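# Fold and contact review
Take a look at the letters that make up each chain.
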Amino acid sequence: AWQKHTVKSFEDQDGFEREVVRHVETTLARSLFNCDEKAAYAATSLAFRDRLITDWNKTQQQQTYSDAKRVYYLSLEFLMGRALDNAMLNVGLKDTAKAGLADLGFRIEDIITQENDAALGNGGLGRLAACFLDSLASLNYPAWGYGLRYRYGIFKQEIIDGYQVEVPDYWLDFNPWEFPRHDVTVDIQFYGNVRKSTDANGKNVSVWEGGEVVQAVAYDVPIPGYATPTTNNLRLWSSKASGGEFDFQKFNNGDYESSVADQQRAETISAVLYPNDNLERGKELRLKQQYFWVAASLYDIVRRFKKSRRGWSEFPEQVAIQLNDTHPTLAIVELQRILVDVEGLEWDQAWTIVTNTFGYTNHTVLPEALEKWPVGLLQNLLPRHLQIIFDINLFFLQQVEKKFPEDRDMLRRVSIVEESQPKMIRMAYLAIVGSHKVNGVAELHSDLIQTTIFKDFVAIYGPDKFTNVTNGVTPRRWLHQANPRLSELIASKCGGNGFLTDLTNLNKLEQFLDDKDFRKEWAEIKYANKVRLAKHIKSTLGVTVNPAALFDIQVKRIHEYKRQQMNIFGVIHRYLTLKKMSPEERKKQLPRVSIFGGKAAPGYWMAKQIIHLINSVGSVVNNDADIGDLLKVIFLEDYNVSKAEIICPASDISEHISTAGTEASGTSNMKFVLNGGLIIGTCDGANIEITRETGENNIFLFGNLSEDVEDLRHAHTYGSHAIDSDLDIVFQEIEKGTFGTPHDFGALISAVRQHGDYYLVSDDFHSYIETHRLVDESYRNQDEWVSKCITAVARMGFFSSDRCINEYAESIWNVEPLPIKE
Ligand code: DL6
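### Some points on the packing of aromatic side chains
Enumeration according to the criterion identifies 31 aromatic pairs in this entry. Aromatic side chains F305 and W312 sit 5.4 Å apart centroid to centroid with 35 degrees between the ring planes, which places their arrangement in the tilted category. Assessed through its relative accessible area of 5%, F305 is described here as buried. Taken together, the ring pairs connect Y72, W144, Y146 and W237 into an aromatic cluster. Its guanidinium or amino end placed over the ring of F10, R51 lies 6.0 Å from that ring's centre, counting from NZ or CZ. Lying over the aromatic face of Y219, R149 brings its terminal NZ or CZ to 3.8 Å of the ring centre.

### Some thoughts on the state of the cysteines
Enumeration according to the criterion identifies 0 disulfides in this entry. The thiol of C131 is not disulfide-bonded; the next cysteine sulfur, from C804, is found 9.3 Å away. Taking relative accessible area as the criterion, C131 reaches 1% and is therefore assigned buried. Here C648 is not disulfide-linked; the sulfur of C131 is the nearest cysteine sulfur, at 11 Å. Residue C648 is classed as buried on the basis of its relative accessible area, which comes to 1%.

### Here we look at unusual backbone geometry
Note on backbone geometry: most residues besides glycine have negative phi, and most peptide bonds are trans. Following Q421, the chain continues to P422 via a peptide bond in cis, the omega torsion being -5 degrees. By the element assignment, P422 lies in the loop between β15 (417-418) and β16 (424-426). One non-glycine residue, R309, lies in positive phi territory at about 60 degrees. Mapped onto the elements of the fold, R309 is located in the loop between α10 (284-307) and α11 (315-318). By relative accessible area, which is 77% here, R309 ends up exposed. For D638, which is not glycine, the phi dihedral falls at a positive 55 degrees. Examined against the element boundaries, D638 turns out to sit in the loop between β21 (631-636) and α26 (641-647).

### A word on the sheet that holds strand β22 (residues 653-656)
Spatial strand order, β21-β20-β19-β22-β23-β24: 6 strands in an open sheet with parallel pairing. Here the strands that pair on one side only, and so sit at the sheet edges, are β21 and β24 (700-702). Each strand axis lies, on average, 20 degrees off the axis of its neighbour in the sheet, ignoring direction. For strand β23 (residues 678-682) and β24, the ladder comprises 3 bridges, and the chain directions are parallel. When the bridges of β24 are listed, I680 appears paired with F700. Strands β22, β23 and β24 of the sheet are contacted by helix α33 (residues 782-794), whose axis makes an angle of about 75 degrees with β23.

### Details of empty space enclosed by the protein
Per the counting criterion, the structure on display carries 5 cavities of 30 Å³ or more. There is about 780 Å³ of room inside the largest cavity. For the lining of the largest cavity, the secondary-structure elements that each account for two or more residues are α6 (124-138), α26 and α27 (668-674). The element best represented in the lining of the largest cavity is α6, accounting for 4 residues.

### Digging into the packing of helix α23 (residues 564-580) against helix α25 (residues 605-621)
At their nearest, the axes of α23 and α25 sit 10 Å apart, and the two run at 20 degrees to each other. Regarding the angle of α23 to α25, the classification is roughly parallel. For the crossing formed where α23 meets α25, the hand is left-handed. Taking contact as the criterion, the partners of Q564, Q565, I568, F569, V571, I572 and Y575 in α23 are, on α25, I610, L613, I614, V617, V620 and V621. Classifying every residue of the contact of α23 with α25 by side-chain character gives 11 nonpolar, 2 polar and no charged.

### So, the packing of helix α12 (residues 330-342) against helix α13 (residues 347-357)
At a minimum axis distance of 9 Å, the contact between α12 and α13 shows a crossing angle of 145 degrees. In the crossing of α12 with α13, the sense of the turn from one axis to the other is right-handed. Residue-level contacts link I332, L335, Q336, L339 and V340 of α12 to W347, A350, W351, I353, V354 and T357 of α13. Considered class by class, the residues forming the contact of α12 with α13 number 9 nonpolar, 2 polar and no charged.

### Focus: a negative patch on the surface
On the surface, D95, E488, D517 and E521 cluster together into a patch of negative charge. For D95, the location among the structural elements is in helix α4 (residues 94-103).

### Brief notes about the pattern of salt bridges
A full pass over the atoms with the stated rule returns 62 salt bridges. Here R149 ties to E178 by a salt bridge, and the two come within 2.8 Å at their closest N and O atoms. Note that R149 is positioned in the loop between β4 (143-148) and β5 (156-160) and E178 in the loop between β6 (163-167) and β7 (179-190), a separation of 29 residues in sequence. Here R149 falls in the buried class, since its relative accessible area comes to 13%. With its nearest N and O atoms 3.3 Å apart, the salt bridge here joins R519 to D783. Of this pair, R519 sits in helix α22 (residues 516-541) while D783 sits in helix α33; the two residues are 264 residues apart in sequence, bridging distant segments of the chain. Here the salt bridges share partners, and the residues they tie into one network are R181, D220, R235, D300, R303 and R304.

### Looking at α22
With 26 residues, α22 should cover 38 Å at 1.5 Å per step; its first-to-last C-alpha distance of 37 Å lies within 8% of that length. Within α22, the full set of buried residues consists of F518, R519, W522, I525, K526, N529, K530, L533, A534, H536 and I537. If you check the start of α22, you find a side-chain oxygen 3.0 Å away from the backbone N of D517, and it comes from D515. The first or second residue beyond α22 is G542, which carries a positive phi of 75 degrees.

### Some details on the sheet that holds strand β12 (residues 319-324)
Ordered in space as β7-β10-β11-β4-β1-β12-β13-β17-β18, the 9 strands form an open sheet in which the pairing is mixed. With partners counted over all chains shown, the strands left at the sheet margins are β7 and β18 (466-468), one partner each. Each strand of the sheet is rotated relative to its neighbour by a mean of 25 degrees, with strand direction disregarded. Contacts between α10 and the sheet are confined to β1 (70-74), β4, β7, β10 (212-224), β11 (231-241) and β12, with β7 contributing the most and set at about 115 degrees to the helix.

### As for the confidence of the model for the protein chain
Within the protein chain, residue pLDDT values average 96, and 99% of them lie at 70 or more. Taken together, the chains of this predicted complex give a pTM of 0.98 and an interface ipTM of 0.99.

### Looking at the layout of surface pockets
Gaps between atoms show up when a probe of the same size as a water molecule is rolled over them. Approximately 1200 Å³ is the volume found for the largest pocket. As for the largest pocket, its lining consists of 36 residues, of which D85, K94, Q481, P484 and R532 are closest to the centre. Within the residue set of the lining of the largest pocket, elements represented by two or more residues are α3 (84-90), α4, α5 (108-112), α20 (475-481), α21 (484-493), α22 and α26. Considering each element in turn, the lining of the largest pocket owes the most residues, 6 residues, to α22. A per-class count over the lining of the largest pocket returns 11 nonpolar, 11 polar and 14 charged.

Analysis parameters
- Residues numbered from 1 in each chain as written.
- Predicted model: local features only at pLDDT ≥ 70, side-chain atom pairs only at ≥ 80, totals over all residues.
- Heavy atoms only, no water.
- Phe/Tyr/Trp six-rings, centres within 6.5 Å; stacked < 30°, edge-to-face > 60°.
- Buried < 20%, exposed > 50% of the residue type's maximum accessible area, 1.4 Å probe, protein only.
- Lys NZ or Arg CZ within 6 Å of the ring centre and 35° of its normal.
- Disulfide = S-S within 2.5 Å.
- Helix = DSSP H or I, 4+ residues; strand = E, 2+ residues; numbered from the N terminus.
- Pairing = 2+ DSSP bridges.
- Axes fitted to C-alpha atoms, helices over the stretch in contact; angles between N-to-C directions.
- Contact = heavy atoms within 4.5 Å.
- 1 Å grid on protein atoms, 1.4 Å probe; cavity = no way out; pocket = protein on both sides within 12 Å on 5 of 7 lines; lining within 4 Å.
- Points joined across faces, edges and corners; volume = space filled by probe spheres on them.
- Parallel < 35°, antiparallel > 145°, perpendicular 65-115°, else oblique.
- Left-handed = near helix turned anticlockwise from the far one by under 90°.
- Nonpolar A, V, L, I, M, F, W, Y, C, P; charged D, E, K, R; others polar.
- Patch = residues over 30% accessible without salt bridge, like charges linked within 9 Å, V, L, I, M, F, W, Y side chains within 5 Å.
- Areas by Shrake-Rupley, 256 points an atom, 1.4 Å probe, with all protein chains shown as cover.
- Salt bridge = Lys/Arg side-chain N within 4 Å of Asp/Glu carboxyl O.
- Lys, Arg positive; Asp, Glu negative; His and termini not counted.
- Charge placed at Lys NZ, Arg CZ, Asp CG, Glu CD.
- Expected span 1.5 Å × (residues − 1).
- Polar contact = N/O pair within 3.5 Å; in protein donor to acceptor, adjacent residues only side chain to side chain.
- pLDDT = per-residue confidence, 0-100.

Given below as C-alpha cells:
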C-alpha cells in the first residue's frame, strides 16, 4: 500500500501553481483573493519544501542503507541567508516558479525578498560553513551539519545619527525551512559532581550525577545539492526545560513567576548568538551553549552509529567529525567520556577512536580570538569533563617528555592547562591533541600557524599532522544566484552551466577576451549591477550615486585589523586633494563612490568609532557642492548575506586590506573577483593565492609583508614612530573639526600616533594611497580594465568550495561521494 501512495512533487508550472494554491488555501487558510506577497512567499516556500523533503527522505534512506561513512560538520555558526532562491535554483525550477508566480499575479523578485535571512553567524566562519553544506550536498557526500537554533541570530544594525544601534533579529517569525523533530530529543546534564565507584565487573568507574538537565530538541533544515537529488541535513538544536513546560506545583501554589523560571533558564541556552567576530570573552552561557550543542550532536551521532551494529573500533571508519574552529572542542572530551564512562572501553582504545575521528580547522591567529576557559568554570559546569581534560593532558605531556626529555619549558608551553591565575584550559591545544589533522584556511595562514602559535606541536607530532585547505565559496549562490546575467553570459561562452559544478571551466572565457560583443555585454552587465546597487542606496539612504563612477567597496565585519579606518582616512585624503584642485582640474578627475558596510560587535567601542567616522565623513562629503559626483561616501546599513548578493556583483574594486598576517583567508575577496571586480589588497590570507591564480597584473597589491610586521611593531614601541605625512594631514583635518566634534575620533588617531600603531596604518598608508592612484589610472582605460576583469574571472576556478570540500574529503575525512538514485 505504501508503494501505491508515493508522494509526487511538482515538475512543471501547472503542478507548481496547484501546489501554491493548495498551500494558500489549506496550510495557510487564506483565500486566494487576499493572498499578499507574504502569503505567496509562504506558499511558494512550502511547495519547494515539499519537493526537497521527497529528496531528503530518499537521501537519508539511501545513505543509511548503504552504510557509507558520513561527515559531521560541527559549527556554532551557519550563516545561511535566504533559502527559497537557492532551493529553486538548485532543483532547477526557478524559471518554472517565475512563470507560475507571474501567472498568479506576482513578480518572483518581490516574493524572494519577503524571506528573512537565516543569520546564525557573525561573518566569514559562519558563511564558510554554509558554503560547505552547499558543496557537500552538490558533490553527493553523505554529510550532516550540526549547529544551534538561535532564537535570535546576529542583531540587525541600524544607523542613527551616524552611530550603530543594535536591534534584535526576529528571524523565526515564520520559517518554513525547518522541521521540528519533537521526537528527537536529548537530555543534557550540567553541574553536579563525580563519584568514584566500581561496576559489576569490579572495574573502577566515574559516575557523574546530580546537577541540572536541559532538553535538546532537534530542528532539521534540508540542504539541497545543485543539480542532484542529494538533499543533506542540517540539524539545529533548541533548548527546552526537561520534564515539562513549567512547574505545575509552583503554579498551583500561586508562585506564578518562578513556575516558568526553569523553562526560561533552559531556553536561554539557545536564545542568542554571541555577536563577536574573532573575539572570545569567556562567558559561562557561551560554554553552556557549546556543551549543550556538542553533547546533543554526539549523542545523535553515536546513536546512529550504534544502529549499524559495528564494533567501536570501526567508529572512525564510519564517522568523520570536523571541528569548525575550537568552539566544538568539547566534543573530543565528550566522545572520550561516552566511550569510557558509558560504553566501558579502556582509555587507550577510546582515545585512539577519538583522535582518528576528529579533524580541527583553525580560522585565526589573533590572540584575542583563541579560546581559553577558566578551570574553575569548567569544574563547576562540567566536573567530569575537567577530569578527562586533565587526564588527556597528563598522557599528552608524558608523551612530550619522552620526546623532549628535560625540556621543562616545552612542557609548560604546550600544556593544555595554562598555569596562569586563574588556570585556563587552552582549547586550541586540546583540539590539536584530540584530532588527527589540523588545517589552516589559506596557504599563508597554514604556514603561520605552523611557525608561530602551533610551532611546538609541529615539533612534537611532525609536519604531517598539519595541512592547508584554502577556503572557497559556492559558485551557485555567489555567481549564479547573485549575478544571473553574468552567469548566463558565462554559460553561453563556456558550453553551458558546467562551470557551476566544475568552476575550472571558467578558463574557457580567456578565448573570448578579444570578442568585442562579449566584452560589451560583460561591461553592460557590470553597469546594470551597479545601477541595481545605486537604486538600493537611493531607496535606503536617499543618496544619489552615479553608476558610471568607480564603485569601491569594503564590506565585512568592522575590525581594526581589517583596517576600515585606513580606508576612511584614505577617503579623507582624496577629499582634501579634490578640495585643493581648481574647478578645471577637478573636471578631469574620475568620480568615485566609496562604499562601506559591516557590523561592529556591540561591545567593540573602537569599531563603533570607525562606523561613526565613516558616516560623519559621508555627511560632509556627500553635501559638498564643490565635490558633487566626484566623491560619495556610503555606509550601507545592516550588511548581511542577502545584501552581499546585491553588493558583490556591483564592485569595480573591493578592499581586502588587513594588516599582513592577520586575516586567515577572507572569502569575500573570492566573491568579488568571481563577479568581475578587481581587488586592492595586502599580501594576506587568500589574496596571495588569488594573485597567484589570476596574475599580478590583475590585482592591486600594496603594503608591508607579514614577515616584516613584528619588526615594525617593535620599532613603533621602542624606536621613533614618524607618522606618514599625508596621514598626518588627514589627522589634522579631523582635529580641526571638519567632520564633527574632533574628540569623537580622538581614539582612532591616538591608536596610530600614541599607542604603537599596532595595525600598521601609518606604515602602509603611502603605498595604499599610491595604489589607489594606480587603480584610478587603470580604470580610465576601460578596455584594459574589462580585460583584467574577464581574465581574473577566467582564472578563479580554484576558489570553489567544491574544490575545497574534495580536499577535505580526500586528505582529512576519507569519505567518498554516494550519488543518490532517483
Ligand atoms: O575561514 C573562514 C574565515 C576566514 O576567511 C577569515 O579570514 C577569518 O577571520 C575567520 N575567522 C574567524 C575566527 N573566529 N573565531 N573563532 O571568524 O574565518
